[in-house]
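Observations on the model geometry
Each chain, written out:
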Amino acid sequence: MAEEYTLVDPTLLLRDASDFAHLPGVHSDASAKAFLDRFPLPVIINVLQTKADVPGVESTLVACLERIFSTKHGASLIPQYMPFVQVGLRADSQVVRCLACKTVSCLIESFDEKTVPAAQLIVEYDIYPLLLDCLINGNEHVATASMEAIKNLADSSKGMEIVFPANDNEATHLRNLATQCSSLGRVRVLALLVKLFSVSSSVASVIHNSGLLNLLETEVHNTNDTLVTLSVLELLYELAEIHHGTEFLSRTTLVQLLGSIISNTSMESILRSRAMMISGRLLSKENTFMFFDESCVKTVVSLIDERLGSLESQDADECESALEALGQIGSSIHGAELLLLSSPPTARHVIGAAFDRQGRGRQLAALHALGNISGETRSENMIMLNNEAEEILQHLIYESASKSPKLTPSGLFLSVLQQDAEIRVAGYRVITGLVARSWCLMEICSKQEIVNIITDARTETTKMGMEAKYNCCKAIHWFFTSSSKLASDPALTGIAEKLQEAVRRGPYLARKLQEAQPVVMTAERF
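Described below are features of the structure shown in this document. For clarity, every value in this text was computed on a predicted model and none was experimentally measured.

Observations concerning the overall build of the protein
Each helix and strand counted, the protein has 33 helices and 0 strands in total. Taken over C-alpha atoms, the radius of gyration comes to 30 Å for the protein, far larger than the 24 Å a tight globule of 526 residues would show. For the protein, the spread of C-alpha atoms along the principal axes amounts to about 95 × 85 × 45 Å. Across the 526 residues in the protein, those meeting the buried criterion constitute 54%. Intrachain contacts of the protein at a sequence separation of at least 6 include 70% that bridge at least 24 residues. When the accessible surface of the protein is split by element, carbon and sulfur atoms take 52% of a total near 25,200 Å². Mean positive and mean negative side-chain charge positions of the protein (45 and 62 charges, respectively) differ by 7 Å.

Structure below.
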């Protein structure tokens, strides 16, 4: 580097760089420009290259440069320093490599393709292969930063050409990369695929059409390494959450693969649990039955039903996962009806466990699942199911009550609301969904103790608890006032007033405000 950029004593630079890096808030272009007017980028880079072994130099200057490049002014300088970005991506220091990856992200995010060809710079300086090397061989922070840079790159047409080369034999093709690296490297490549899949439906389409999703399925089939299989299942869990994922995943054999894991009793319980959770998330969307064949969904539900039937109290975690998965599937109308109309109804496991106090975790999972099935998460016009499903839902709850010491659904609800805070929150959700049914509304109104708990200003102290209780109270009040029979019943006037007052108070002002009062007392004299 030129002699004029050499700094003999970097003390002043380090002091000001530390201040700049740790200044609260977002830096403006003016502050970044003022700093660089005092310490030009070549000076900072020179010190970073020549004095990195001095304690505090590397960490301070890297933090400072990261803040500089995050400004528009700083990002505008990156194209002039691409050789240094290239060197940074090859550096031995993980901190410097991480900075270089983040700098590439700043380059891509800050410049429009029409004005500054960021993708062209990345090709000219051979940046993409270096990003892939950081992904495979860098530490966790470097891998995450490189993954983010590649994701940003793929969010443009020119960038997609780089990330998804037309030639399958390219060394940078993700399929080739995955087959040539270690198990950790493969998991990172698969994590990148999931990230890219989430960018847009067009990117997801390219991934699907190129058969890259098969890499995930192949890795799950390979049961030699449980940790790797579990990591890939976690990635599938993320993939199932992506909004546009259902359409593409329905064209794969993923559901069948998950079903084979759920039914495989020789596999570790944690793998079956994750397979159930992925199935639940994947089949929870309203558009599930538009893309997935109903027989596939029924098969998965049947396999979960079988596992619950054989588990009983053997494996609490797997049982909870199975119940949670059913709750996810039951969050849509079609899913809820499927759980209730199967023979025997798969929902019986949920309802049986929801009011069974033998296992707290199991009961909590079942209550939340029942809340989903009953429509707590659905919009107001989507709560009610078809007549046959509604009849079975009512029958299962009354049957569960008849087999318990409580005898009635209202007794079951009260029992739930008399337990700890987490169970109560789940109970509020169940009642919020079920109260749309006239039989449930009558059960609630027939039990004064339930109304007292739901309208009591002192019941809940946490934000989640107060909100769940308020939503429950609001739902009961809405359906109560919508029922001319109940609203006009003089015997229920007190309940109506309590509900109205609780709704009026809102979720957070439940406790009546106590104004400060002056205290008058005799002065103490010494």
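After that view, the rundown keeps rolling.
Points about the pattern of salt bridges
All told, the structure shown has 25 salt bridges when counted by the stated rule. We note a salt bridge from Arg-251 to Glu-247, for which the minimum N-O separation is 2.8 Å. By relative accessible area, which is 45% here, Arg-251 ends up partly exposed. Two residues, Asp-356 and Arg-362, come together in a salt bridge whose shortest N-O distance is 3.5 Å. In this structure Asp-356 comes out as partly exposed when scored by relative accessible area, which is 24%.

What to know about helix α13 (residues 183-197)
An α-helical segment advances 3.6 residues per turn. Residues three or four places apart therefore align on the same side. In this model α13 runs 21 Å from its N-terminal to its C-terminal C-alpha over 15 residues, within 8% of the 21 Å that 1.5 Å per residue would give. Where burial is concerned, most of α13 is hidden: 11 out of the 15 residues are buried. Here α13 has its buried residues at Gly-185, Val-187, Arg-188, Val-189, Leu-190, Ala-191, Leu-192, Leu-193, Val-194, Leu-196 and Phe-197.

Thoughts on the packing of aromatic side chains
The final tally for this structure, using the stated rule, is 6 aromatic pairs. When the ring of Phe-20 is compared with that of Phe-35, the centres are 4.9 Å apart and the planes differ by 35°; the resulting orientation is tilted. A residue pair is termed long-range when its members are at least 10 positions apart, and Phe-20 in helix α1 (residues 11-22) and Phe-35 in helix α2 (residues 29-38) qualify at 15 residues. Across this residue pair, the class does not change: Phe-20 and Phe-35 are buried. Three or more aromatic residues joined by ring pairs make a cluster, and in this case those are Phe-20, Phe-35 and Phe-39. Over the face of the ring belonging to Tyr-237 we find Arg-274, whose NZ or CZ atom lies 4.8 Å from the ring centre. Taking NZ or CZ as reference, Arg-281 lies 3.6 Å from the ring centre of Tyr-237, over its face.

Re helix α28 (residues 421-434)
The end-to-end C-alpha distance of α28, which contains 14 residues, comes to 20 Å, matching closely the 20 Å that a straight helix rising 1.5 Å per residue would cover. Considered for burial, the residues of α28 that qualify are Ile-423, Arg-424, Val-425, Ala-426, Gly-427, Tyr-428, Arg-429, Val-430, Ile-431, Thr-432, Gly-433 and Leu-434. Tucked inside the fold, the buried residues of α28 contact α25 (360-374), α26 (387-402), α27 (409-417), α29 (438-445), α30 (448-455) and α31 (463-482). Among the residues of α28, the N-terminal cap falls to Asp-420, whose side-chain oxygen and the backbone nitrogen of Glu-422 are separated by 3.1 Å.

A short note on the environment of Ser-202
Mapping Ser-202 onto the fold places it in helix α14 (residues 201-209). Ser-202 sits in the partly exposed class, given a relative accessible area of 41%. Separated by 42 residues in the primary sequence, Ser-202 and His-244 have C-alpha atoms spaced 9.8 Å apart.

Section: the packing of helix α9 (residues 127-137) against α13
Look at α9 against α13: their axes get within 8 Å of each other, and the N-to-C directions meet at 125°. With respect to each other, α9 and α13 are oriented oblique. Residues Leu-132, Cys-134, Leu-135, Ile-136 and Asn-137 of α9 touch α13, and the partners they reach there are Gly-185, Arg-188, Val-189 and Leu-192. Taken together, the residues that form the contact of α9 with α13 break down as 6 nonpolar, 2 polar and 1 charged.

Considerations on the side chain of Glu-219
Here Glu-219 is to be found in helix α15 (residues 213-221). Once you skip the residues sitting within four places of it in the chain, Glu-219 turns out to touch Arg-186, Leu-190, Val-228, Thr-229 and Val-232.

Brief notes about the nonpolar core
Judged by nonpolar contacts, the single largest core of 185 residues is most densely connected at Phe-35, Leu-89, Leu-174 and Leu-196. Leave out the neighbours within four places in its chain, and Leu-174 touches Tyr-128, Leu-132, Phe-164, Val-189, Leu-192, Leu-193, Leu-196, Leu-212 and Leu-215.

Concerning the side chain of His-477
With respect to the helices and strands, the residue His-477 is situated in helix α31. A relative accessible area of 19% places His-477 in the buried class. Non-local contacts of His-477, meaning those with residues more than four positions away in its chain, are made with Ala-496, Leu-499, Gln-500 and Val-503.

Let's talk about the packing of helix α22 (residues 316-329) against α25
Contact geometry for α22 and α25: axes closest at 8 Å, N-to-C directions at 5°. What the angle tells us is that α22 and α25 run roughly parallel. Of the residues in α25, those in contact with Cys-319, Glu-320, Leu-323, Gly-327 and Gln-328 of α22 are Gly-361, Arg-362, Ala-365, Ala-366, Ala-369 and Asn-372. Of the residues assigned to the contact of α22 with α25, the class counts are 5 nonpolar, 4 polar and 2 charged.

What to know about the environment of Asn-471
For Asn-471, the location among the structural elements is in helix α31. Take Asn-471: its relative accessible area is 33%, and that puts it in the partly exposed class. Separated by 95 residues in sequence, Asn-471 and Glu-376 have C-alpha atoms that sit 9.7 Å apart.

Quick notes on the state of the cysteines
Disulfides are covalent bonds that link the sulfur atoms of two cysteine residues. Enumeration according to the criterion identifies 0 disulfides in this entry. Between Cys-445, a free cysteine, and Cys-440, which holds the nearest cysteine sulfur, the sulfur-to-sulfur gap is 9.3 Å. The class of Cys-445 is buried, set by a relative accessible area of 8%.

A short note on the environment of Leu-323
Within the secondary structure layout, Leu-323 lies in helix α22. Residues within four places of Leu-323 in sequence aside, it is in contact with Leu-308, His-349, Val-350, Ala-353, Arg-362, Ala-365, Ala-366 and Ala-369.

About the criteria used
- Every residue gets a number counted from 1 within its own chain, in the order that chain's sequence is written.
- Local features are withheld for residues below a pLDDT of 70 in this predicted model, meaning they are given only at 70 or higher, and side-chain atom pairs are given and counted only at 80 or more; totals for whole chains, interfaces and linings count all residues.
- Water and hydrogen atoms play no part in the side-chain values, which are based on all heavy atoms of the structure.
- Helical segments are the DSSP runs of H or I of at least four residues, strand segments are the runs of E of at least two, and each set is numbered from the N terminus.
- C-alpha atoms define the radius of gyration in this analysis, and the globule rule sets the expected value at 2.2 Å times the number of residues to the power 0.38.
- Working definition: with a 1.4 Å probe on protein chains only, accessible area under 20% of the residue-type maximum means buried, over 50% means exposed, and in between means partly exposed.
- By definition, residues are in contact when any of their heavy atoms lie within 4.5 Å.
- Calculation of accessible area relied on Shrake-Rupley with a 1.4 Å probe; when residues are assessed, cover is drawn exclusively from the protein chains displayed.
- Under this rule, positive means Lys or Arg and negative means Asp or Glu; His and the chain ends count for nothing.
- Working definition for charges: the position is that of NZ of Lys, CZ of Arg, CG of Asp or CD of Glu.
- Salt-bridge detection follows one rule: a side-chain nitrogen of Lys or Arg within 4 Å of a carboxyl oxygen of Asp or Glu.
- Expected helix span is computed as 1.5 Å times (number of residues minus one).
- Whether two aromatic rings pair depends on their centres lying within 6.5 Å, for rings of Phe, Tyr and Trp, where Trp uses its six-membered ring; planes under 30 degrees apart make the pair stacked, over 60 edge-to-face, and the rest tilted.
- Charge-over-ring contacts are defined here by two conditions on Lys NZ or Arg CZ: a distance within 6 Å of the ring centre and an angle within 35 degrees of the ring normal.
- In protein, a polar contact requires one atom able to donate a hydrogen and another able to accept it; more generally it is a pair of N or O atoms within 3.5 Å, and residues adjacent in sequence count only if both atoms are side-chain atoms.
- An axis is simply a line fitted to the C-alpha atoms; with a helix, the fit covers only the stretch in contact. Between two such axes, the angle follows the N-to-C directions and lies from 0 to 180 degrees.
- For classification purposes, angles smaller than 35 degrees are called roughly parallel, those larger than 145 roughly antiparallel, those between 65 and 115 roughly perpendicular, and all remaining angles oblique.
- Put simply, Ala, Val, Leu, Ile, Met, Phe, Trp, Tyr, Cys and Pro go in the nonpolar bin, Asp, Glu, Lys and Arg in the charged bin, and everything else, Gly too, in the polar bin.
- Definition of nonpolar core: a set of buried residues of the types Ala, Val, Leu, Ile, Met, Phe, Trp, Tyr and Cys, connected through side-chain atoms within 4.5 Å.
- Cysteine sulfur pairs qualify as disulfides if the two atoms are within 2.5 Å.

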